[in-house]
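Notes for the structure review
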Amino acid sequence: MNRRAIAYAGLSRMLLLRSATASRRTWVAFVSGFFEPIFYLVALGQGLGSLVGQVEGPGGAPISYAAFIAPGLLAASAMNGAVFDSTFNVFFKLKYARLYDAMLATPLGPVDIALGEIGWALIRGGLYALGFLTVLAGFGLLSSPWALLALPAALVVAFAFAAVGMAATSYMRSWQDFDLVTLVIMPMFLFSTTFYPITVYPRWLQVVVECLPLYHAVELMRGLTTGVVGLSLLGHLAYFAVMIVLGVALAARRLGALLLS
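Residues numbered from 1 in each chain as written. Predicted model: local features only at pLDDT ≥ 70, side-chain atom pairs only at ≥ 80, totals over all residues. Heavy atoms only, no water.

Concerning the overall build of the chain
Just so we agree on the cut-off: Only runs of H or I of at least four residues qualify as helices and only runs of E of at least two qualify as strands under DSSP, and these elements are numbered from the N terminus. We take the radius of gyration over the C-alpha atoms and set the globule estimate at 2.2 Å times the residue count to the 0.38 power. Accessible area is worked out with a 1.4 Å probe on protein chains only. A residue is then buried under 20% of its type maximum, exposed over 50%, and partly exposed in between. By definition in these notes, contact holds between two residues if any of their heavy atoms fall within 4.5 Å. We get accessible surface area from the Shrake-Rupley algorithm with a probe of 1.4 Å; when it comes to residues, only the shown protein chains can shield them.
The secondary structure content of the chain amounts to eleven helices and two strands. When its helices and strands are written in sequence order, the chain yields α-α-α-β-β-α-α-α-α-α-α-α-α. The C-alpha radius of gyration computed for the chain amounts to 19 Å, which stays within 12% of the reference 18 Å derived for 261 residues, consistent with globular compactness. Within the span of the chain, comprising 261 residues, buried residues form 47% of the whole. Within the chain, residue pairs in contact and separated by at least 24 positions form 80% of the contacts whose partners lie at least 6 positions apart. Surface accessibility of the chain: about 12500 Å² in total, with carbon and sulfur atoms responsible for 70%.

Overview of the nonpolar core
For soluble globular proteins, nonpolar side chains are generally found buried alongside one another. The cut-off we apply is this: The criterion is simple. A nonpolar core is a set of buried Ala, Val, Leu, Ile, Met, Phe, Trp, Tyr and Cys residues joined through side-chain atoms within 4.5 Å.
Counting 70 residues, the largest nonpolar core has Leu-41, Phe-161, Leu-214 and Met-221 as its most contacted members. Taken together, the elements giving at least two residues each to this core come down to helix 3 (35–52), helix 4 (65–96), helix 5 (99–103), helix 6 (110–139), helix 7 (150–169), helix 8 (179–191), helix 10 (213–226) and helix 11 (232–260). Here the element with the most residues in this core is helix 4; it accounts for 17 residues. When neighbours within four sequence positions are excluded, Met-221 is seen to be in contact with Pro-71, Leu-74, Ala-75, Ala-150, Ala-153, Ala-154 and Val-157.

What to know about the environment of Val-248
Following the sequence through the fold, Val-248 ends up in helix 11. Residues Val-248 and Glu-210, spaced 38 residues apart in sequence, show a C-alpha to C-alpha distance of 23 Å. Setting aside residues no more than four positions away along its own chain, Val-248 makes contact with Leu-115, Ile-118, Phe-159 and Ala-163.

A few points about unusual backbone geometry
Even without a glycine there, the phi angle at Arg-98 is positive, about 55 degrees. Inspection of the secondary structure assignment puts Arg-98 in the loop between helix 4 and helix 5. Phi angles above zero are rare outside glycine, and Thr-193 is one such case at about 60 degrees. Summarising the element assignment, Thr-193 is placed in the loop between helix 8 and helix 9 (203–210).

Looking at the packing of aromatic side chains
The following threshold applies: Two aromatic rings from Phe, Tyr or Trp, using only the six-membered ring of Trp, form a pair when their centres are within 6.5 Å; if the ring planes differ by under 30 degrees the pair is stacked, by over 60 it is edge-to-face, and anything between is tilted.
Within the structure shown, the criterion is met by 15 aromatic pairs. Here the aromatic rings of Tyr-40 and Phe-195 are separated by 6.1 Å at their centres, their planes lie at 40 degrees, and the arrangement is tilted. In this pair, Tyr-40 is assigned in helix 3 and Phe-195 in the loop between helix 8 and helix 9, connecting sequence segments 155 residues apart. With a relative accessible area of 10%, Phe-195 lands in the buried category. Ring geometry for Phe-91 versus Phe-178: centroids 5.0 Å apart, planes at 75 degrees, classification edge-to-face. Highlighted residues: Phe-91 in helix 4 and Phe-178 in the loop between helix 7 and helix 8, separated in sequence by 87 residues.

A closer look at the environment of Phe-161
Mapped onto the elements of the fold, Phe-161 is located in helix 7. Classification of Phe-161 by relative accessible area gives buried; the value is 5%. Separated by 43 residues in sequence, Phe-161 and Ile-118 place their C-alpha atoms 9.0 Å apart. Excluding anything up to four places from it in sequence, Phe-161 contacts Met-79, Ala-82, Val-83, Ser-86, Met-188, Pro-213, Leu-214, Phe-240 and Met-243.

Section: the confidence of the model for the chain
The condition is simple: pLDDT is defined as a per-residue confidence score from the predictor, taking values between 0 and 100.
Chain-level pLDDT for the chain is 83 on average; 93% of the residues reach the 70-or-more range. When pLDDT is averaged over each helix and strand of the chain, the minimum, 64, is found for helix 2 (residues 27–32) and the maximum, 94, for helix 9. Below a pLDDT of 50 lies the segment residues 1–5, which in the model reaches seven contacts outside its immediate sequence neighbourhood of four places, other chains included.

Concerning the environment of Thr-87
Here Thr-87 is to be found in helix 4. The spatial distance from the C-alpha of Thr-87 to the C-alpha of Thr-169 is 5.4 Å, given a sequence separation of 82 residues.

Quick look at a nonpolar patch on the surface
So the rule is basically this: Candidates for patches are residues over 30% relative accessible area with no salt bridge; among them, like charges are joined within 9 Å and nonpolar side chains (Val, Leu, Ile, Met, Phe, Trp, Tyr) within 5 Å. Should a side-chain nitrogen of Lys or Arg be within 4 Å of a carboxyl oxygen of Asp or Glu, the pair is scored as a salt bridge.
Taken together, Leu-48, Leu-51 and Val-52 make up a surface patch of nonpolar side chains, about 280 Å² in accessible area. Structurally, Leu-51 is set in helix 3. With relative accessibility at 72%, the residue Leu-51 sits in the exposed group.

Written out as structure tokens, the structure is:
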């Protein structure tokens, strides 16, 4: 049987092992992403928060400004870790290192490659989220036992962004196209209720924000970390389930078209 015709061989774990081995030489870049949300938390939560005081949290209960923005930064941390690996790193391996072409000379298929790279991006986003959760616990910003579920929720968020990120990367033609990634990620980070409630927007803009994936991630994390848990959180999870299914399917299909053509 022609190995290049095999789409999936059940060996995506080999991509995880390779990525873990390669990251030992680039651990500085890997770890640096962990500190960005901490800087935001200290500068805004502790600095600006001393001027803002308490704000209205989920359910209407007053909480500190630091406790309000911390879940948003947690969601952004999971997103950034996943997006970085599933876009820039994947593009380099695909277009310049030609790493995936070499992998297809082994029993690996394009679906193995897609799942392996998405899985590593998920791990990176999950590690960032775990580290940031530890910091939040140290600052006393986790006020509910439901916060224990914030880590698996962060993994779901990272999985969704990694899947969509890799699917989008398959359409990139040059490094200049990655300006579009920044154009999407930065406004989403600023407008998705990370730093202020959605009620500050006019209704038409609230509808736009509610369509953004980071908004659902922030609301999910904010509900879990503050203990305001309801059926609406299942709606946020369903949003990411759709992202995962569509992202994985499109990424696998595109990789198959690019690598096996």
